[in-house]
2 protein chains.
Amino acid sequence: MVELSRLASTRGSGVGEILHLLRDGVPRTRSEIMEITGLSRSTVSARVDTLISLGLVGPAGEAASSGGRPPARIAFLPSSRIVLAIDLGATHGTVAITDLAGTLLDHTTSQLDIAAGPEAVLEWAATTGRQLLEAGGRPATDLVGVGVGVPGPVEHSTGRPVNPPIMPGWDRFDVPARLRRTFDVPVLVDNDVNILALGEHATAWPDADDLVFVKVSTGIGAGVVAGGALQRGAQGSAGDLGHVHVPWHPDSTRASDDDRDLEGIASGPAIAALLRERGIDAHSSADVVALVRQGNREALALVREAGREIGAVLASVVNLLNPSVIVVGGSISRAGEQLIAGVRETVYRRSIPLATQHLSIVQSRSNETAGVTGAAIMVIQAVLSTSDAWDLAGP
Amino acid sequence: MVELSRLASTRGSGVGEILHLLRDGVPRTRSEIMEITGLSRSTVSARVDTLISLGLVGPAGEAASSGGRPPARIAFLPSSRIVLAIDLGATHGTVAITDLAGTLLDHTTSQLDIAAGPEAVLEWAATTGRQLLEAGGRPATDLVGVGVGVPGPVEHSTGRPVNPPIMPGWDRFDVPARLRRTFDVPVLVDNDVNILALGEHATAWPDADDLVFVKVSTGIGAGVVAGGALQRGAQGSAGDLGHVHVPWHPDSTRASDDDRDLEGIASGPAIAALLRERGIDAHSSADVVALVRQGNREALALVREAGREIGAVLASVVNLLNPSVIVVGGSISRAGEQLIAGVRETVYRRSIPLATQHLSIVQSRSNETAGVTGAAIMVIQAVLSTSDAWDLAGP
């Protein structure tokens, strides 16, 4: 992958370790950096000078000293560089620029049809991105990377969608190559659920090493954070809760020969189908959400039942991974408390006590910019991490 | 935790990074180490000297040179130090010493009763360990750590068993403190399944970043490797497949009001109970294994059915984590091909194609020393890792 070949180890220039250290925001003297990293004075000096020349760190006040000239403190400057974040949904897209702390600087949301295909959609995203850079007065050289979220499965290592059901024309399309025609920086792509999980983890639960984010909307998917890192699995398909097979069971309202996957039982369209069986006009997640907000009793009961079915699958996930937090997001969760109430009911009943005693099951704090925040976090983590930081000094 | 306080960062002495580099077995010159790590000549020199004085690395042949005195190469010496590994089962225990590559140097297996309690069992383990050290002519100062596997849940961060069902008297017992009365080194404790997963991963599948090890015997448990690391979860209870709730389903031979967890359906004792219902005398995993080996048709069919039930739970795990390898171990798996055949049948039918196209489902290569190998690997990974290596230079 061309665009990731520059995401090489910084061991040659060695700036990654110091940058990683300073990302906590605490200003430090060169001596303090020496002490913490064990690097020699000359090494620290050379690396800090490189970071200063790149504009990533800068002087930050004076340290106390017993006399003479006080030693200068160095601090991370998150606004020194920017990230372009693109969040593509089925019917709308958001493009944003953020600083290196993931703070949103500017963003634009537009209606779009993902089925218009990758050329048209990415052309719009690239043009919008360029306009945001210009409006912010930031030259292209300030950009460290582009992060993209799409509404379907992605092979993260190559940035190509893989058989995405609602994205005709996108299968195996080289998204990074297309965007690098406009932006000559690393481009990282992932599915929307992983992006939301990254954003939620980084912004709301930074200290939770084990977190599962579940999105319930037109589809059902999960983002799995274990050991502090998003887990994508061997082919990048980890988190596919929607296709977990849910056998018929005696508590179910289904017919006993009606054997489905979780998405077929508990997604927005599945709930709409159950409402139609009851003579209520509903065809989509949006219709279900509208009925719930109107207080429709059938809709409220069916959303709660969907929560129970999702909770039964999550109970197994809790036994398997012992997360400290489950975050429930997506349009159906935002319609009210019914979904999460159903989830809690089954998870707390069915999981082992040791795994649930400190488990929080919470509503997502996501809003409409959560996707771009997550996409930016994905880029920042890759670019600024010690182990595989992009050589910011260039090739 | 006293015994983990010495597992501090080596950043002060800084030997961890160089040791981690040299663990691949490739001999390198000081210049090569400088180039790879970005450390200065004086820093590399000081750290290599520290490692040589500790006996962890040593000279290893000469590098090619264009003239003059050839530069000396330095290599990791895995036999310089040793690990004590203790694998405790319900009815037997194994104590071993290994080198820093996890190679078994000597071991002793004895019958024991875990229910005799921690004082008696750990006294035996400590005495046996001391005898192995003496027999091998290794002073106590050669020991870098002790690894212990026990047949029940453990809070890994403190080394204490938590409500272990078959270990009366062990609940919350401070295993590390007891062993440190004999061995003044870090003591790490985990449950037997995690230990086996670590050993299987390190020895048979070192390149698989995502692996699930399942043990099927008196109980059913899993060890989850994701992103290259064993995942223990927030309270250390990750991998509890045995208590995953399995609703009755129409394919099942159970009565429809018979709602159980996986252990109640597919473990050795559960299969023995089903055999008794068919008038066959069986009471334990060992009885089931014996019947399978005799070719008993009922036993063969029931073990295959148990494999299918385990496979149905693993299908969800595959969708969630997208592992590249599932390893099936434990006594029931070693009785023949029936169990793994049943597992494969359901996993390949029920998981999503993207997650199964490159998935291997294999028999464990574990033998009776797999437990001590895994316990040694646990210690070696903790002690020699860059990020939290034990300061081998002592406090």
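Because the structure is a prediction, the values reported are computed rather than measured. (Residues numbered from 1 in each chain as written. Chains lettered and ligands numbered in written order. Predicted model: local features only at pLDDT ≥ 70, side-chain atom pairs only at ≥ 80, totals over all residues. Heavy atoms only, no water.)

### Considering the overall build of chain A
Then, in step 1: Secondary structure assignment for chain A yields 15 helices and 17 strands.
Then, in step 2: Sequence-distant contacts, at least 24 apart, represent 62% of the contacts inside chain A between residues at least 6 apart.
Then, in step 3: Total accessible area on chain A is roughly 15400 Å²; 51% of this is exposed by carbon and sulfur atoms. (Helix = DSSP H or I, 4+ residues; strand = E, 2+ residues; numbered from the N terminus. Contact = heavy atoms within 4.5 Å. Areas by Shrake-Rupley, 256 points an atom, 1.4 Å probe, with all protein chains shown as cover.)

### What to know about the sheet that holds strand S13 (residues 229–231) of chain A
All names here are of chain A.
Then, in step 1: Judged by pairing direction, the sheet is mixed, and its five strands sit side by side in the order S13-S12-S11-S16-S17 without closing on themselves. The open sheet terminates on both sides in strands that have one partner only, identified here as S13 and strand S17 (360–363). Neighbour-to-neighbour, the strand axes of this sheet turn through a mean angle of 25°, independent of strand direction.
Then, in step 2: Note: strand S11 (residues 211–216) against strand S16 (residues 325–329), five bridges, orientation parallel. (Pairing = 2+ DSSP bridges. Axes fitted to C-alpha atoms, helices over the stretch in contact; angles between N-to-C directions.)

### What about the relation of the copies chain A and chain B?
Then, in step 1: Superposition of chain A onto chain B requires a rotation of 180° combined with a translation of 0.0 Å along the rotation axis, giving an RMSD of 0.1 Å. The operation mapping one copy onto its partner corresponds to a two-fold rotation axis.
Then, in step 2: A share of 98% of the interface residues of chain A reappears at the interface of chain B, consistent with the copies meeting face to face through the same patch. (Least-squares fit on C-alpha atoms with pLDDT ≥ 70 in both.)

### Considering the environment of Ala75 of chain A
Residues and elements named next belong to chain A.
Then, in step 1: Mapping Ala75 onto the fold places it in strand S3 (residues 72–76).
Then, in step 2: The exposure class of Ala75 is buried, given its relative accessible area of 8%.
Then, in step 3: Sequence separation between Ala75 and Ala60 is 15 residues, and the spatial gap between their C-alpha atoms is 5.7 Å.
Then, in step 4: Those residues in contact with Ala75, other than ones at most four positions away along the chain, are Pro27, Leu56, Val57, Gly58 and Ala60. (Buried < 20%, exposed > 50% of the residue type's maximum accessible area, 1.4 Å probe, protein only.)

### Section: the confidence of the model for chain A
Then, in step 1: For chain A, per-residue confidence averages 86 on the pLDDT scale, and residues scoring 70 or more make up 88% of the total.
Then, in step 2: Every residue in residues 386–395 of chain A scores below 50 in pLDDT, and together they form 37 contacts with partners more than four places removed in sequence or on other chains. (pLDDT = per-residue confidence, 0-100.)

### Re the interface of chain A and chain B
Then, in step 1: Counting residues at the interface gives 48 residues for chain A, matched by 47 residues for chain B.
Then, in step 2: Buried surface at the junction of chain A and chain B, summed over both partners, amounts to about 4000 Å²; 58% is from carbon and sulfur atoms.
Then, in step 3: Linking chain A to chain B there are zero salt bridges.
Then, in step 4: Applying the counting rule to chain A against chain B returns 18 residue pairs in polar contact (both at pLDDT 80 or more).
Then, in step 5: Those elements that provide at least two residues to the side of chain A that touches chain B are helix H3 (30–37), helix H4 (41–53), strand S12 (220–226), helix H11 (297–321) and helix H14 (353–356) of chain A. (Buried area = accessible area lost by both parts, 1.4 Å probe. Salt bridge = Lys/Arg side-chain N within 4 Å of Asp/Glu carboxyl O. Polar contact = N/O pair within 3.5 Å; in protein donor to acceptor, adjacent residues only side chain to side chain.)

### So, the pattern of salt bridges
Then, in step 1: For the coordinates displayed, the defined rule picks out 30 salt bridges over all chains.
Then, in step 2: Between Glu305 of chain A and Arg308 of chain A there is a salt bridge whose closest N-O contact spans 2.7 Å. Of this pair, Glu305 of chain A and Arg308 of chain A are both found in helix H11, three residues apart, which corresponds to roughly one turn of the helix.
Then, in step 3: According to the relative accessible area criterion, Arg308 of chain A is partly exposed, its value standing at 27%.
Then, in step 4: Among the salt bridges present, the one from Asp174 of chain B reaches Arg160 of chain B, with a minimum N-O distance of 3.3 Å. Of this pair, Asp174 of chain B sits in the loop between strand S9 (160–161) and helix H6 (175–180) while Arg160 of chain B sits in strand S9; the two residues are 14 residues apart in sequence, bridging distant segments of the chain.
Then, in step 5: Since its relative accessible area comes to 25%, Asp174 of chain B is described here as partly exposed.
Then, in step 6: Among the ionic contacts, a cluster of salt bridges with common partners joins Glu119, Glu123, Arg178 and Arg181 of chain A.

### Digging into the pairing of strand S6 (residues 104–111) of chain B
All names here are of chain B.
Then, in step 1: In this structure, strand S5 (residues 92–99) lies alongside S6, joined through seven bridges in antiparallel fashion. Residue Gly93 lies in a different strand from S6, and its bridge partner there is Ser110.
Then, in step 2: Here S5 folds back onto S6, and the loop between the two strands holds four residues, one of which, Gly102, carries a positive phi near 85°.

### A look at unusual backbone geometry
Residue and element names in this part refer to chain A.
Then, in step 1: Positioned with a positive phi, Asn163 is a non-glycine residue whose angle comes to about 45°.
Then, in step 2: Structurally, the position occupied by Asn163 is in the loop between strand S9 (160–161) and helix H6 (175–180).
Then, in step 3: According to the relative accessible area criterion, Asn163 is exposed, its value standing at 56%.

### Thoughts on the sheet that holds strand S16 (residues 325–329) of chain B
Residue and element names in this part refer to chain B.
Then, in step 1: The strand order across the open sheet formed by five strands is S13-S12-S11-S16-S17, and the pairing between neighbours is mixed. Here the strands that pair on one side only, and so sit at the sheet edges, are strand S13 (229–231) and strand S17 (360–363). Averaged over all pairs of adjacent strands, the angle between their axes in this sheet comes to 25°, without regard to strand direction.
Then, in step 2: Sheet topology places strand S11 (residues 211–216) next to strand S12 (residues 220–226); six bridges connect them, and they run antiparallel. Looking across to S12, one finds that Lys215 is bridged to Gly221.
Then, in step 3: Where helix H7 (residues 192–204) meets the sheet, it contacts S11, S12, S13, S16 and S17, and its direction lies at approximately 130° from that of S11.
Then, in step 4: Across the sheet, helix H13 (residues 338–350) touches S11, S16 and S17, and the angle it forms with S17 is around 170°.

### Some details on helix H7 (residues 192–204) of chain A
All names here are of chain A.
Then, in step 1: For H7, which comprises 13 residues, the first-to-last C-alpha distance of 18 Å matches the rise-based estimate of 18 Å (1.5 Å per residue) to within 8%.
Then, in step 2: A large share of H7 lies buried, amounting to 11 of its 13 residues.
Then, in step 3: All of the buried residues along H7 are Asp192, Val193, Asn194, Ile195, Leu196, Ala197, Leu198, Gly199, Glu200, His201 and Ala204.
Then, in step 4: Capping the start of H7 is the job of one residue whose side-chain oxygen sits 2.9 Å from the backbone nitrogen of Val193: Asn191. (Expected span 1.5 Å × (residues − 1).)

### Here we look at the packing of helix H10 (residues 285–293) of chain A against H11 of chain A
Residues and elements named next belong to chain A.
Then, in step 1: Taken N-terminus to C-terminus, the directions of H10 and H11 make an angle of 115°; their axes are 8 Å apart at the nearest point. In the crossing of H10 with H11, the sense of the turn from one axis to the other is left-handed. Where H10 approaches H11, its residues Val288, Leu291 and Val292 are matched on the opposing element by Ala299, Leu300 and Val303.
Then, in step 2: The class makeup of the residues in the contact of H10 with H11 is six nonpolar, no polar and no charged. (Left-handed = near helix turned anticlockwise from the far one by under 90°. Nonpolar A, V, L, I, M, F, W, Y, C, P; charged D, E, K, R; others polar.)

### Digging into helix H9 (residues 268–277) of chain B
Residue and element names in this part refer to chain B.
Then, in step 1: Within H9 the residues assigned to the buried category are Gly268, Ala270, Ile271, Ala272 and Leu275.
Then, in step 2: Buried residues along H9 sit against helix H8 (262–266), helix H10 (285–293), helix H11 (297–321) and helix H12 (331–334).
Then, in step 3: Of the residues flanking the end of H9, it is Gly279, one or two places downstream, whose phi is positive at about 80°.

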